[in-house]
Amino acid sequence: MASGLPADPVGAAEWLIGSTLSHEGAGGIIVETEAYRDDDPASHSYKGSRAGIASMFACAGTLYVYRSYGLNWCLNIVCRPGSAVLIRAIAPTQGLERMRQRRGVDDPRLLCAGPGRLTQALGITGALDGVALQHSPLTLAPRSGGLEVVSGPRIGIARAVDRPWRFGLAGSPFLSRPFPG
DNA sequence: ACAGAGATCATCT
DNA sequence: GATGATCTCTGTG
């Protein structure tokens, strides 16, 4: 990939921490991600391609956006066919006022702390599902300096809970939940 | 602070 | 008919 996204979702999830993600002037710094691999029982792609998740089997850099629990949109970036990284939280830096309006809350810590919240704050919907990142209204800028990344068990899944494939920026107040330890 | 329930829908059994 | 990679509100300690 042009952006240097690792093909392995676990490496990509860690790599994405600290990157800047924005959509039409609203966005911030990615502080929380999760990796989902095609050989991973917790992944939508585990049982192979089927209707509704086709974009997860597209080429690296494709956006996979799906609806969760009937109401929330969740944003993933495919890093290899069948494997993707779920963007779980960002530290809001641009377009604060716009995001507050869309979310209907004032507390900046509640603007983008969670996969459903961040898509709502940025105005991301299923319309972006299957679109290539570089041809989408989304902008992704890799991190510049080093930073401390922590990892832990993923959230909200029933299978393969033991895999520590959730990554976060150490000490960030914008995480959807704190990391154990 | 923590626990439980409801909202809502594509996909699967 | 059941199941989620969720969020919010409400009731209780």
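Everything that follows concerns the structure shown earlier in this document.
Source: prediction; values computed, not measured. (Residues numbered from 1 in each chain as written. Chains lettered and ligands numbered in written order. Predicted model: local features only at pLDDT ≥ 70, side-chain atom pairs only at ≥ 80, totals over all residues. Heavy atoms only, no water.)

Chemist: Tell me about the protein's contact with DNA strand C, residues and numbers included.
Modeler: The environment of DNA strand C is formed by 20 residues, the closest being Tyr66, Asn76, Arg103, Arg117 and Gly156. Of all DNA strand C atoms lying within 4 Å of any protein atom, the proportion belonging to sugar or phosphate reaches 58%. Separating a phosphate oxygen of DNA strand C from a side-chain N or O atom of Arg117 is a distance of 2.5 Å. Of the residues forming the surface near DNA strand C, the biggest block, three residues, is contributed by helix α3 (residues 115-122). Residues belonging to the surface near DNA strand C are distributed by class as follows: nine nonpolar, seven polar and four charged. (Near = heavy atom within 4 Å. Polar contact = N/O pair within 3.5 Å; in protein donor to acceptor, adjacent residues only side chain to side chain. Helix = DSSP H or I, 4+ residues; strand = E, 2+ residues; numbered from the N terminus. Nonpolar A, V, L, I, M, F, W, Y, C, P; charged D, E, K, R; others polar.)

Chemist: Pulling in residues and values, what's your account of the protein's contact with DNA strand B?
Modeler: Around DNA strand B sit Arg50, Ala51, Gly52, Arg67, Tyr69, Gly70 and Leu71, and that is every residue in its neighbourhood. Sugar plus phosphate: this is where 74% of the atoms of DNA strand B within 4 Å of the protein reside. Within the backbone of Gly70, an N or O atom sits 3.4 Å from a base oxygen of DNA strand B. Class assignment for the residues of the surface near DNA strand B results in three nonpolar, two polar and two charged.

Chemist: Go over the pairing of strand β8 (residues 166-169) with me, naming the residues and quoting the values.
Modeler: Here strand β2 (residues 26-36) pairs with β8 via three bridges, running antiparallel. Paired with Thr33 across the strands is Phe167, a residue of β8. Direction of pairing for strand β7 (residues 149-152) relative to β8: antiparallel, over a ladder of four bridges. Looking at the pairing, Val150 lines up with Gly168 of β8. (Pairing = 2+ DSSP bridges.)

Chemist: Tell me about helix α1 (residues 9-16), residues and numbers included.
Modeler: When we look at burial in α1, the residues that qualify are Pro9, Val10, Ala12, Ala13 and Leu16. Projected onto a plane normal to the axis of α1, the buried residues spread over an arc of 165 degrees and lie on a single side. Where α1 is buried, its residues contact β2, β4 (72-80), β5 (83-94), β6 (138-141) and β8. Following α1 by one or two positions, Gly18 has its phi on the positive side, about 95 degrees. (Buried < 20%, exposed > 50% of the residue type's maximum accessible area, 1.4 Å probe, protein only. Arc of directions from axis to C-beta. Contact = heavy atoms within 4.5 Å.)

Chemist: An account of the pattern of salt bridges is needed here, citing residue identities and associated values.
Modeler: Scanning all chains against the criterion turns up eight salt bridges. For Arg88, the salt bridge goes to Glu32, with nearest N and O atoms at 2.8 Å. With Arg88 in strand β5 and Glu32 in strand β2, this pair connects stretches of sequence that are 56 residues apart. The two residues Arg88 and Glu32 agree in class, both being buried. Ionic pairing is found between Arg100 and Glu97, a salt bridge with its closest N-O pair at 3.4 Å. One end of the pair is Arg100 and the other is Glu97, both in helix α2 (residues 96-103) and three residues apart, which spans about a single turn. Bridged by salt links that share partners, the residues Glu32, Glu34, Arg88 and Arg166 form one connected network. (Salt bridge = Lys/Arg side-chain N within 4 Å of Asp/Glu carboxyl O.)

Chemist: Report on unusual backbone geometry, specifying residues and quantitative values.
Modeler: Most peptide bonds take the trans form, and the phi angle of most residues other than glycine is negative. Notably, Glu24 is not glycine yet its phi reads approximately 50 degrees, a positive angle. Counting through the fold element by element, Glu24 comes out in the loop between β1 (20-23) and β2. Look at Glu24 and you get exposed, because its relative accessible area is 55%.

Chemist: Kindly report on α3, identifying the contributing residues and their values.
Modeler: α3 sits mainly inside the fold: six of its eight residues count as buried. Among the residues of α3, those classed as buried are Pro115, Gly116, Leu118, Thr119, Ala121 and Leu122. On its buried face, α3 sits against β1, β2, β4, β5 and α2. Backbone geometry just after α3 places Gly123 at a positive phi near 75 degrees.

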